[in-house]
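# Fold and contact review
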Amino acid sequence: MSKGLADDGGLLLPESIPVLSSAELKAMADLPYAQLAFKVLSYYIDDIPAADLKGLIERSYASFEHPEVTPVIAKDDLFILELFHGPTLAFKDVALQLLGNLFEYLLEKTDAHMNIIGATSGDTGSAAIYGVRGKKGINIFILHPKGKVSPIQEMQMTTVTDANVFNIAIEGTFDDAQAIVKEIFGDLDYKQKHALGAVNSINWARVMAQVVYYFYAFFQVQKQTGCREVEFSVPTGNFGDIFAGYIAKEMGLPIKKLILATNGNNILSRFVNDGDYSAAKVNHSLSPSMDIQVASNFERYLFYLYDQDAERVCKALETFTRDGVLPVSAQELSQAQQIFSAATINDTETLATIGEFARTTDYILDPHTAIGVQAGKQVRSGDCPLICLATAHPAKFGDAVHQACDKYPELPPAFQGIDKRDKRLKTMPADISAIKSYVDQHALS
Ligand SMILES: *Cc1c(COP(=O)(O)O)cnc(C)c1O
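Residues numbered from 1 in each chain as written. Predicted model: local features only at pLDDT ≥ 70, side-chain atom pairs only at ≥ 80, totals over all residues. Heavy atoms only, no water.

Taken N-terminus to C-terminus, the directions of helix H4 (residues 92-110) and helix H5 (residues 123-132) make an angle of 30 degrees; their axes are 8 Å apart at the nearest point. Here H4 lies roughly parallel to H5, going by the angle between them. In terms of crossing hand, the pair formed by H4 and H5 is right-handed. Listed contacts from H5 to Lys-92, Asp-93, Leu-96, Gln-97 and Gly-100 of H4 are Asp-123, Thr-124, Ala-127, Ala-128, Tyr-130, Gly-131 and Val-132. Taken together, the residues of the contact of H4 with H5 sort by class into five nonpolar, four polar and three charged. (Axes fitted to C-alpha atoms, helices over the stretch in contact; angles between N-to-C directions. Helix = DSSP H or I, 4+ residues; strand = E, 2+ residues; numbered from the N terminus. Parallel < 35°, antiparallel > 145°, perpendicular 65-115°, else oblique. Left-handed = near helix turned anticlockwise from the far one by under 90°. Contact = heavy atoms within 4.5 Å. Nonpolar A, V, L, I, M, F, W, Y, C, P; charged D, E, K, R; others polar.)

See the structure below:
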(Lines give C-alpha, C1' and ligand atoms only; values in the text may rest on other atoms or scores of the structure.)
Protein backbone atom coordinates (compact mmCIF):
# COMPACT_ATOMS: atom_id res chain seq x y z
CA MET A 1 0.00 0.00 0.00
CA SER A 2 2.92 2.36 0.40
CA LYS A 3 4.10 1.63 -3.14
CA GLY A 4 2.93 4.02 -5.81
CA LEU A 5 3.62 1.95 -8.88
CA ALA A 6 3.60 -1.75 -9.53
CA ASP A 7 6.97 -3.24 -10.42
CA ASP A 8 5.96 -3.47 -14.08
CA GLY A 9 5.61 0.29 -14.13
CA GLY A 10 1.81 0.08 -14.07
CA LEU A 11 -0.41 1.72 -11.51
CA LEU A 12 -1.61 -0.23 -8.48
CA LEU A 13 -5.33 -0.81 -8.04
CA PRO A 14 -7.35 -2.68 -5.42
CA GLU A 15 -8.26 -6.26 -6.31
CA SER A 16 -11.91 -5.35 -6.47
CA ILE A 17 -14.19 -2.43 -5.77
CA PRO A 18 -16.76 -3.19 -3.06
CA VAL A 19 -20.36 -2.41 -3.95
CA LEU A 20 -22.31 -1.05 -0.99
CA SER A 21 -25.92 -1.96 -0.30
CA SER A 22 -28.47 0.79 0.21
CA ALA A 23 -28.57 -0.16 3.90
CA GLU A 24 -24.82 0.36 4.14
CA LEU A 25 -25.14 3.73 2.43
CA LYS A 26 -27.96 4.76 4.71
CA ALA A 27 -25.92 3.92 7.79
CA MET A 28 -23.24 6.36 6.65
CA ALA A 29 -25.48 9.31 5.88
CA ASP A 30 -25.23 11.11 9.20
CA LEU A 31 -21.61 10.48 10.06
CA PRO A 32 -19.24 13.39 10.65
CA TYR A 33 -16.39 13.55 8.15
CA ALA A 34 -13.69 11.65 10.03
CA GLN A 35 -16.05 8.82 10.95
CA LEU A 36 -17.28 8.59 7.38
CA ALA A 37 -13.68 8.47 6.20
CA PHE A 38 -13.04 5.60 8.60
CA LYS A 39 -16.01 3.68 7.18
CA VAL A 40 -15.02 4.21 3.56
CA LEU A 41 -11.31 3.50 4.05
CA SER A 42 -12.09 0.35 6.03
CA TYR A 43 -13.41 -1.22 2.83
CA TYR A 44 -9.87 -1.04 1.44
CA ILE A 45 -7.50 -1.11 4.42
CA ASP A 46 -7.44 -4.32 6.41
CA ASP A 47 -3.89 -4.29 7.77
CA ILE A 48 -4.22 -1.46 10.30
CA PRO A 49 -6.07 -2.05 13.61
CA ALA A 50 -9.33 -0.07 13.71
CA ALA A 51 -8.36 2.08 16.69
CA ASP A 52 -5.08 3.06 15.03
CA LEU A 53 -6.74 3.90 11.73
CA LYS A 54 -9.36 6.01 13.52
CA GLY A 55 -6.59 7.89 15.31
CA LEU A 56 -4.68 8.54 12.10
CA ILE A 57 -7.79 9.83 10.37
CA GLU A 58 -8.82 12.06 13.28
CA ARG A 59 -5.35 13.55 13.44
CA SER A 60 -5.23 14.15 9.68
CA TYR A 61 -8.49 16.07 9.52
CA ALA A 62 -7.90 18.03 12.73
CA SER A 63 -5.48 20.11 10.61
CA PHE A 64 -8.43 21.50 8.62
CA GLU A 65 -9.77 24.94 9.49
CA HIS A 66 -13.43 24.01 8.98
CA PRO A 67 -15.21 21.76 11.51
CA GLU A 68 -16.98 19.91 8.68
CA VAL A 69 -13.64 19.41 6.84
CA THR A 70 -15.26 19.66 3.37
CA PRO A 71 -18.45 21.76 3.75
CA VAL A 72 -21.08 21.98 1.01
CA ILE A 73 -22.49 25.44 0.25
CA ALA A 74 -25.61 26.21 -1.82
CA LYS A 75 -24.94 29.03 -4.32
CA ASP A 76 -26.79 30.09 -7.40
CA ASP A 77 -28.58 26.96 -8.69
CA LEU A 78 -25.81 24.60 -7.64
CA PHE A 79 -23.71 23.39 -4.72
CA ILE A 80 -20.07 24.14 -4.04
CA LEU A 81 -18.08 21.44 -2.27
CA GLU A 82 -15.29 23.36 -0.55
CA LEU A 83 -12.20 21.17 -0.51
CA PHE A 84 -9.71 23.90 0.38
CA HIS A 85 -9.76 24.18 4.15
CA GLY A 86 -6.52 22.24 4.69
CA PRO A 87 -3.08 23.74 5.41
CA THR A 88 -2.18 24.51 1.75
CA LEU A 89 -5.69 25.61 0.74
CA ALA A 90 -6.26 23.11 -2.07
CA PHE A 91 -8.11 19.81 -2.28
CA LYS A 92 -4.93 17.77 -2.33
CA ASP A 93 -4.58 18.29 1.42
CA VAL A 94 -7.57 16.00 1.93
CA ALA A 95 -5.52 13.07 0.67
CA LEU A 96 -2.03 14.13 1.63
CA GLN A 97 -2.60 15.01 5.26
CA LEU A 98 -3.80 11.44 5.67
CA LEU A 99 -1.09 9.95 3.51
CA GLY A 100 1.72 11.53 5.53
CA ASN A 101 0.33 10.08 8.75
CA LEU A 102 -0.30 6.67 7.15
CA PHE A 103 3.22 6.47 5.78
CA GLU A 104 4.82 7.47 9.06
CA TYR A 105 2.73 4.90 10.92
CA LEU A 106 3.49 2.06 8.50
CA LEU A 107 7.21 2.85 8.36
CA GLU A 108 7.52 3.07 12.10
CA LYS A 109 5.85 -0.34 12.51
CA THR A 110 8.34 -2.01 10.21
CA ASP A 111 11.33 0.06 11.28
CA ALA A 112 11.72 1.16 7.68
CA HIS A 113 12.30 4.42 5.86
CA MET A 114 11.22 5.89 2.55
CA ASN A 115 12.24 8.52 0.05
CA ILE A 116 9.32 10.15 -1.69
CA ILE A 117 9.76 11.56 -5.16
CA GLY A 118 7.03 13.47 -6.90
CA ALA A 119 6.35 15.93 -9.68
CA THR A 120 3.95 18.79 -9.21
CA SER A 121 2.18 21.37 -11.30
CA GLY A 122 1.75 23.36 -8.10
CA ASP A 123 -0.75 22.11 -5.56
CA THR A 124 0.38 18.51 -5.18
CA GLY A 125 3.86 19.54 -4.21
CA SER A 126 2.93 21.88 -1.43
CA ALA A 127 0.26 19.51 -0.14
CA ALA A 128 2.73 16.59 -0.18
CA ILE A 129 5.36 18.65 1.57
CA TYR A 130 2.90 19.74 4.25
CA GLY A 131 1.76 16.12 4.56
CA VAL A 132 5.22 14.78 5.42
CA ARG A 133 7.24 17.72 6.75
CA GLY A 134 9.05 16.71 9.89
CA LYS A 135 7.78 13.11 9.71
CA LYS A 136 10.13 10.40 10.93
CA GLY A 137 11.61 8.00 8.40
CA ILE A 138 10.65 10.05 5.32
CA ASN A 139 12.57 12.37 3.02
CA ILE A 140 10.71 14.09 0.21
CA PHE A 141 11.94 15.38 -3.17
CA ILE A 142 9.46 17.50 -5.10
CA LEU A 143 10.09 18.59 -8.69
CA HIS A 144 8.17 21.60 -9.97
CA PRO A 145 8.39 23.37 -13.36
CA LYS A 146 10.37 26.52 -12.65
CA GLY A 147 8.32 29.69 -13.05
CA LYS A 148 5.19 27.75 -14.06
CA VAL A 149 3.48 27.53 -10.69
CA SER A 150 1.82 30.53 -9.07
CA PRO A 151 4.03 32.69 -6.81
CA ILE A 152 2.04 31.62 -3.76
CA GLN A 153 2.35 27.95 -4.67
CA GLU A 154 6.07 28.40 -5.16
CA MET A 155 6.45 30.12 -1.82
CA GLN A 156 4.34 27.53 -0.06
CA MET A 157 6.74 24.83 -1.17
CA THR A 158 10.04 26.58 -0.85
CA THR A 159 9.42 28.18 2.54
CA VAL A 160 9.18 24.78 4.20
CA THR A 161 12.68 24.40 5.53
CA ASP A 162 12.35 21.13 7.47
CA ALA A 163 15.47 19.01 7.01
CA ASN A 164 13.52 16.20 5.28
CA VAL A 165 12.14 18.44 2.50
CA PHE A 166 13.97 18.97 -0.84
CA ASN A 167 12.46 21.31 -3.43
CA ILE A 168 13.78 21.00 -7.00
CA ALA A 169 12.86 23.59 -9.65
CA ILE A 170 13.12 21.99 -13.11
CA GLU A 171 13.87 24.00 -16.20
CA GLY A 172 10.97 22.53 -18.19
CA THR A 173 7.23 21.76 -18.06
CA PHE A 174 5.21 19.70 -15.63
CA ASP A 175 5.10 16.88 -18.17
CA ASP A 176 8.94 16.91 -18.27
CA ALA A 177 9.04 16.69 -14.49
CA GLN A 178 6.48 13.91 -14.44
CA ALA A 179 8.31 11.99 -17.16
CA ILE A 180 11.50 12.12 -15.09
CA VAL A 181 9.72 10.83 -12.02
CA LYS A 182 8.09 8.04 -14.00
CA GLU A 183 11.43 7.04 -15.48
CA ILE A 184 13.10 7.04 -12.08
CA PHE A 185 10.38 4.71 -10.81
CA GLY A 186 10.95 2.54 -13.86
CA ASP A 187 14.54 1.91 -12.74
CA LEU A 188 13.74 -0.89 -10.33
CA ASP A 189 17.25 -1.19 -8.87
CA TYR A 190 17.29 2.50 -8.11
CA LYS A 191 13.80 2.36 -6.72
CA GLN A 192 14.73 -0.45 -4.38
CA LYS A 193 18.05 1.05 -3.37
CA HIS A 194 16.40 4.23 -2.14
CA ALA A 195 13.09 2.70 -0.97
CA LEU A 196 11.29 5.11 -3.27
CA GLY A 197 7.66 5.95 -2.75
CA ALA A 198 5.28 8.02 -4.84
CA VAL A 199 2.93 10.62 -3.57
CA ASN A 200 1.56 12.35 -6.64
CA SER A 201 -1.89 11.57 -7.84
CA ILE A 202 -0.91 8.14 -9.15
CA ASN A 203 -0.98 6.88 -5.56
CA TRP A 204 -3.96 4.66 -4.75
CA ALA A 205 -4.10 5.75 -1.10
CA ARG A 206 -4.73 9.27 -2.32
CA VAL A 207 -7.56 8.24 -4.58
CA MET A 208 -9.12 6.33 -1.72
CA ALA A 209 -9.00 9.35 0.61
CA GLN A 210 -10.68 11.45 -2.09
CA VAL A 211 -13.55 8.99 -2.51
CA VAL A 212 -14.73 10.06 0.95
CA TYR A 213 -15.79 13.58 0.06
CA TYR A 214 -17.99 12.39 -2.79
CA PHE A 215 -19.93 10.39 -0.20
CA TYR A 216 -19.93 13.28 2.25
CA ALA A 217 -21.21 15.77 -0.33
CA PHE A 218 -23.88 13.44 -1.63
CA PHE A 219 -25.31 12.91 1.86
CA GLN A 220 -25.33 16.66 2.62
CA VAL A 221 -27.11 17.52 -0.61
CA GLN A 222 -29.53 14.63 -0.27
CA LYS A 223 -30.51 15.94 3.17
CA GLN A 224 -31.12 19.42 1.80
CA THR A 225 -32.96 18.49 -1.37
CA GLY A 226 -34.30 14.96 -0.92
CA CYS A 227 -32.71 14.06 -4.27
CA ARG A 228 -32.11 10.49 -5.30
CA GLU A 229 -29.02 11.19 -7.36
CA VAL A 230 -26.55 13.98 -8.06
CA GLU A 231 -24.02 15.08 -10.62
CA PHE A 232 -20.52 16.23 -9.81
CA SER A 233 -18.47 18.65 -11.86
CA VAL A 234 -14.75 18.12 -11.40
CA PRO A 235 -11.93 20.45 -12.53
CA THR A 236 -9.60 17.88 -14.03
CA GLY A 237 -5.88 17.70 -14.72
CA ASN A 238 -4.28 14.37 -13.93
CA PHE A 239 -7.64 12.53 -13.62
CA GLY A 240 -7.00 11.76 -9.92
CA ASP A 241 -9.91 13.60 -8.39
CA ILE A 242 -12.48 12.51 -10.96
CA PHE A 243 -11.16 8.94 -10.80
CA ALA A 244 -12.06 8.99 -7.11
CA GLY A 245 -15.56 10.05 -8.20
CA TYR A 246 -15.65 7.12 -10.59
CA ILE A 247 -14.71 4.75 -7.75
CA ALA A 248 -17.44 6.30 -5.56
CA LYS A 249 -19.94 5.68 -8.35
CA GLU A 250 -18.76 2.09 -8.77
CA MET A 251 -19.15 1.62 -5.00
CA GLY A 252 -22.84 2.37 -5.45
CA LEU A 253 -23.08 6.07 -4.66
CA PRO A 254 -25.94 7.37 -6.83
CA ILE A 255 -23.97 9.62 -9.17
CA LYS A 256 -25.80 10.23 -12.41
CA LYS A 257 -22.88 11.77 -14.28
CA LEU A 258 -19.36 12.95 -13.57
CA ILE A 259 -18.64 16.11 -15.48
CA LEU A 260 -15.03 16.27 -16.58
CA ALA A 261 -14.01 19.92 -16.82
CA THR A 262 -10.73 20.88 -18.46
CA ASN A 263 -9.02 24.07 -19.51
CA GLY A 264 -7.58 24.40 -23.04
CA ASN A 265 -5.26 21.47 -22.30
CA ASN A 266 -8.15 19.23 -23.09
CA ILE A 267 -7.05 15.77 -24.15
CA LEU A 268 -9.45 14.23 -21.64
CA SER A 269 -12.53 16.21 -22.62
CA ARG A 270 -11.74 15.57 -26.29
CA PHE A 271 -11.60 11.90 -25.46
CA VAL A 272 -14.97 11.89 -23.70
CA ASN A 273 -16.69 13.97 -26.36
CA ASP A 274 -15.14 12.57 -29.54
CA GLY A 275 -12.94 9.60 -28.65
CA ASP A 276 -9.98 11.77 -29.61
CA TYR A 277 -7.14 10.94 -27.22
CA SER A 278 -4.22 12.59 -28.95
CA ALA A 279 -1.55 14.51 -27.10
CA ALA A 280 -0.96 18.17 -27.87
CA LYS A 281 1.53 20.68 -26.56
CA VAL A 282 0.89 21.86 -23.00
CA ASN A 283 -0.14 25.51 -22.84
CA HIS A 284 0.18 27.69 -19.79
CA SER A 285 -3.27 28.73 -18.53
CA LEU A 286 -4.89 30.61 -15.66
CA SER A 287 -5.53 27.22 -14.02
CA PRO A 288 -1.97 25.86 -13.86
CA SER A 289 -2.83 22.83 -11.74
CA MET A 290 -4.76 21.53 -14.74
CA ASP A 291 -2.06 22.23 -17.33
CA ILE A 292 -1.55 18.58 -18.12
CA GLN A 293 -1.85 16.56 -21.29
CA VAL A 294 -0.98 12.98 -20.49
CA ALA A 295 -2.98 12.07 -17.38
CA SER A 296 -1.41 9.17 -15.53
CA ASN A 297 -4.53 8.17 -13.65
CA PHE A 298 -6.37 7.76 -16.89
CA GLU A 299 -4.58 4.42 -17.29
CA ARG A 300 -6.45 3.24 -14.27
CA TYR A 301 -9.77 4.10 -15.77
CA LEU A 302 -8.76 2.38 -19.02
CA PHE A 303 -8.18 -0.77 -17.01
CA TYR A 304 -11.87 -0.77 -16.10
CA LEU A 305 -13.01 0.40 -19.51
CA TYR A 306 -11.08 -2.49 -21.07
CA ASP A 307 -12.83 -4.93 -18.78
CA GLN A 308 -9.82 -5.28 -16.44
CA ASP A 309 -7.61 -6.56 -19.22
CA ALA A 310 -4.19 -5.27 -18.09
CA GLU A 311 -2.45 -6.58 -21.16
CA ARG A 312 -4.77 -4.67 -23.41
CA VAL A 313 -4.10 -1.48 -21.42
CA CYS A 314 -0.36 -1.97 -21.95
CA LYS A 315 -0.84 -2.58 -25.67
CA ALA A 316 -3.14 0.42 -26.03
CA LEU A 317 -0.64 2.67 -24.27
CA GLU A 318 2.13 1.36 -26.51
CA THR A 319 0.02 2.21 -29.53
CA PHE A 320 -0.60 5.64 -28.05
CA THR A 321 3.10 6.24 -27.50
CA ARG A 322 3.94 5.08 -31.02
CA ASP A 323 1.07 6.51 -33.09
CA GLY A 324 -0.36 9.19 -30.82
CA VAL A 325 -3.85 7.65 -30.83
CA LEU A 326 -5.59 5.42 -28.36
CA PRO A 327 -7.53 2.46 -29.73
CA VAL A 328 -11.08 2.46 -28.34
CA SER A 329 -14.13 0.90 -29.92
CA ALA A 330 -17.34 2.83 -30.47
CA GLN A 331 -18.96 0.66 -27.85
CA GLU A 332 -16.27 1.47 -25.27
CA LEU A 333 -16.56 5.15 -26.01
CA SER A 334 -20.27 5.09 -25.48
CA GLN A 335 -19.70 3.24 -22.22
CA ALA A 336 -17.40 6.06 -21.10
CA GLN A 337 -19.99 8.61 -22.19
CA GLN A 338 -22.61 7.04 -19.97
CA ILE A 339 -20.43 7.90 -16.97
CA PHE A 340 -18.72 11.11 -18.00
CA SER A 341 -19.78 14.31 -19.71
CA ALA A 342 -17.09 16.82 -20.56
CA ALA A 343 -16.45 20.42 -21.49
CA THR A 344 -13.45 22.61 -22.26
CA ILE A 345 -13.39 26.08 -20.71
CA ASN A 346 -10.79 28.54 -21.95
CA ASP A 347 -9.18 31.38 -20.00
CA THR A 348 -11.62 34.01 -21.26
CA GLU A 349 -14.60 31.94 -20.15
CA THR A 350 -12.88 31.21 -16.85
CA LEU A 351 -12.50 34.92 -16.07
CA ALA A 352 -16.06 35.64 -17.18
CA THR A 353 -17.34 32.90 -14.89
CA ILE A 354 -15.44 34.21 -11.87
CA GLY A 355 -16.75 37.73 -12.58
CA GLU A 356 -20.35 36.70 -13.11
CA PHE A 357 -20.46 34.36 -10.14
CA ALA A 358 -19.03 37.09 -7.90
CA ARG A 359 -21.63 39.59 -9.12
CA THR A 360 -24.63 37.31 -8.74
CA THR A 361 -23.69 35.44 -5.56
CA ASP A 362 -20.94 37.46 -3.89
CA TYR A 363 -18.87 34.26 -3.79
CA ILE A 364 -15.34 34.22 -5.21
CA LEU A 365 -14.34 31.17 -7.27
CA ASP A 366 -10.73 30.30 -7.93
CA PRO A 367 -9.97 29.72 -11.65
CA HIS A 368 -9.94 25.91 -11.36
CA THR A 369 -13.26 25.87 -9.56
CA ALA A 370 -14.67 28.32 -12.10
CA ILE A 371 -13.90 25.84 -14.88
CA GLY A 372 -15.89 23.19 -13.05
CA VAL A 373 -18.78 25.57 -12.45
CA GLN A 374 -18.91 26.70 -16.08
CA ALA A 375 -18.60 23.16 -17.46
CA GLY A 376 -21.34 22.10 -15.05
CA LYS A 377 -23.64 24.86 -16.26
CA GLN A 378 -23.01 23.87 -19.87
CA VAL A 379 -23.43 20.11 -19.74
CA ARG A 380 -25.42 19.26 -16.59
CA SER A 381 -28.46 17.18 -17.31
CA GLY A 382 -30.62 19.52 -15.23
CA ASP A 383 -32.79 16.92 -13.55
CA CYS A 384 -30.76 16.49 -10.37
CA PRO A 385 -28.56 18.68 -8.13
CA LEU A 386 -25.15 19.68 -9.42
CA ILE A 387 -22.21 19.65 -6.99
CA CYS A 388 -19.13 21.54 -8.16
CA LEU A 389 -15.85 20.66 -6.54
CA ALA A 390 -14.03 23.78 -5.30
CA THR A 391 -10.46 22.59 -5.59
CA ALA A 392 -8.55 25.67 -4.41
CA HIS A 393 -9.04 28.75 -2.27
CA PRO A 394 -9.24 31.87 -4.49
CA ALA A 395 -6.37 33.52 -2.58
CA LYS A 396 -4.00 30.99 -4.12
CA PHE A 397 -4.71 32.48 -7.53
CA GLY A 398 -5.23 36.10 -6.58
CA ASP A 399 -4.01 37.57 -9.86
CA ALA A 400 -6.59 35.70 -11.94
CA VAL A 401 -9.32 36.69 -9.52
CA HIS A 402 -8.20 40.30 -9.69
CA GLN A 403 -8.28 40.18 -13.47
CA ALA A 404 -11.83 38.80 -13.34
CA CYS A 405 -13.46 41.01 -10.75
CA ASP A 406 -11.07 43.80 -9.92
CA LYS A 407 -10.36 42.77 -6.37
CA TYR A 408 -7.92 40.51 -4.61
CA PRO A 409 -9.33 37.79 -2.38
CA GLU A 410 -8.34 38.15 1.23
CA LEU A 411 -5.27 36.15 2.22
CA PRO A 412 -6.07 33.62 4.94
CA PRO A 413 -3.96 33.94 8.12
CA ALA A 414 -1.67 31.02 7.19
CA PHE A 415 -0.46 32.93 4.13
CA GLN A 416 0.24 36.27 5.70
CA GLY A 417 3.91 37.13 5.69
CA ILE A 418 4.81 34.06 3.60
CA ASP A 419 6.88 36.22 1.21
CA LYS A 420 9.20 37.14 4.08
CA ARG A 421 10.07 33.62 5.18
CA ASP A 422 13.34 31.81 4.42
CA LYS A 423 13.39 29.69 1.28
CA ARG A 424 15.14 26.47 0.34
CA LEU A 425 15.25 25.11 -3.24
CA LYS A 426 17.58 23.77 -5.90
CA THR A 427 17.24 24.73 -9.58
CA MET A 428 18.20 21.98 -12.04
CA PRO A 429 17.92 21.12 -15.75
CA ALA A 430 15.23 18.61 -16.78
CA ASP A 431 17.85 15.90 -16.87
CA ILE A 432 17.27 12.55 -15.24
CA SER A 433 20.89 11.77 -14.37
CA ALA A 434 21.35 15.11 -12.63
CA ILE A 435 18.21 14.53 -10.59
CA LYS A 436 19.27 11.00 -9.70
CA SER A 437 22.65 12.08 -8.42
CA TYR A 438 21.03 14.83 -6.33
CA VAL A 439 18.74 12.23 -4.81
CA ASP A 440 21.73 9.95 -4.24
CA GLN A 441 23.33 12.66 -2.16
CA HIS A 442 20.30 13.50 -0.04
CA ALA A 443 18.25 10.32 0.28
CA LEU A 444 17.60 8.69 3.65
CA SER A 445 19.33 5.36 3.93
C1 LIG B 1 -4.56 19.15 -8.78
C2 LIG B 1 -5.61 20.13 -9.00
C3 LIG B 1 -6.62 19.91 -9.95
C4 LIG B 1 -6.64 18.69 -10.83
O5 LIG B 1 -6.84 17.50 -10.11
P6 LIG B 1 -6.45 16.10 -10.76
O7 LIG B 1 -6.63 15.11 -9.68
O8 LIG B 1 -5.03 16.21 -11.19
O9 LIG B 1 -7.36 15.89 -11.91
C10 LIG B 1 -7.62 20.85 -10.05
N11 LIG B 1 -7.61 21.98 -9.31
C12 LIG B 1 -6.66 22.22 -8.41
C13 LIG B 1 -6.70 23.49 -7.63
C14 LIG B 1 -5.62 21.30 -8.22
O15 LIG B 1 -4.69 21.56 -7.31
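Don't stop here, the text continues.
Applying the stated criterion across every chain yields a total of 16 salt bridges. Between Asp-52 and Lys-109 there is a salt bridge, and its shortest N-O distance comes to 3.9 Å. On the criterion of sequence distance, the pair formed by Asp-52 in helix H3 (residues 50-61) and Lys-109 in helix H4 is long-range, its members being 57 residues apart. Classification of Asp-52 as partly exposed rests on a relative accessible area of 29%. Exposure remark for Lys-109: the relative accessible area of 55% places this residue in the exposed category. Across the pair Glu-154 and Lys-423 runs a salt bridge, and its minimum N-O distance is 3.2 Å. Separated by 269 residues along the polypeptide, Glu-154 in helix H6 (residues 151-158) and Lys-423 in the loop between helix H17 (398-405) and strand E11 (426-429) bring together distant segments of the chain. Classification of Glu-154 as buried rests on a relative accessible area of 18%. (Salt bridge = Lys/Arg side-chain N within 4 Å of Asp/Glu carboxyl O. Buried < 20%, exposed > 50% of the residue type's maximum accessible area, 1.4 Å probe, protein only.)

What follows concerns the packing of helix H15 (residues 347-361) against helix H16 (residues 367-379). The contact between H15 and H16 brings their axes to 9 Å, and the two run at 90 degrees. With respect to their mutual orientation, H15 and H16 come out roughly perpendicular. Where H15 abuts H16, its residues Glu-349, Thr-350, Thr-353, Ile-354 and Phe-357 lie against Pro-367, Ala-370, Ile-371, Val-373, Gln-374 and Gln-378.

Right, let's talk about the sheet that holds strand E5 (residues 165-171) for a bit. Read across the open sheet, the five strands follow the order E6-E3-E4-E5-E11; overall the sheet is parallel. Each edge of the open sheet carries a strand with a single partner, namely strand E6 (196-198) and E11. For this sheet the average axis-to-axis angle between neighbouring strands, irrespective of direction, equals 30 degrees. With six bridges connecting them, strand E3 (residues 114-119) and strand E4 (residues 138-145) associate as parallel partners. Note on E4: the bridge partner recorded for Gly-118 is Ile-142. Across the sheet, H4 lies against E3, E4 and E6, angled at about 145 degrees from E4, the strand it touches most. Docked against the sheet, helix H7 (residues 174-186) engages E3, E4, E5 and E6, running at close to 150 degrees with respect to E3. (Pairing = 2+ DSSP bridges.)

The ligand sits among 15 residues. The nearest are Lys-92, Asp-123, Gly-237, Asn-238 and Asp-241. Within the side chain of Thr-391, an N or O atom sits 2.9 Å from a nitrogen atom of the ligand. If the ligand stood free it would expose 380 Å²; the protein chains cover 98% of that surface. Considered class by class, the residues forming the shell around the ligand number five nonpolar, seven polar and three charged. (Near = heavy atom within 4 Å. Polar contact = N/O pair within 3.5 Å; in protein donor to acceptor, adjacent residues only side chain to side chain. Areas by Shrake-Rupley, 256 points an atom, 1.4 Å probe, with all protein chains shown as cover.)

This next bit is on the pairing of E3. Of all the six residues making up E3, six are buried; the element is thus mostly covered by neighbouring parts of the structure. Of the crossover connections in this fold, the one passing from E3 over H5 to the parallel E4 is right-handed. Where E3 and E6 come together, three bridges link them in parallel fashion. The residue of E6 that forms the bridge with Asn-115 is Leu-196. (Right-handed = clockwise from strand over helix to strand, strands pointing away.)

The next subject is the sheet that holds strand E8 (residues 255-262). Note: strands within a sheet are paired through backbone hydrogen bonds, in either parallel or antiparallel orientation. The six strands lie next to each other as E1-E2-E10-E7-E8-E9, forming an open sheet whose pairing is mixed. With one partner strand each, in any of the chains shown, strand E1 (72-75) and strand E9 (340-344) form the two edges of the open sheet. Neighbour-to-neighbour, the strand axes of the sheet open up by a mean angle of 25 degrees, direction not taken into account. Sheet topology note: the strand E7 (residues 230-235)/strand E10 (residues 386-390) ladder contains three bridges and is parallel. Looking at E10, one finds that Ser-233 is bridged to Cys-388. This element, helix H10 (residues 240-250), spans E7, E8, E9 and E10 of the sheet and lies at about 170 degrees to E8. Against the sheet, H16 touches strand E2 (78-82), E7, E8, E9 and E10, its axis set at about 125 degrees to E8.

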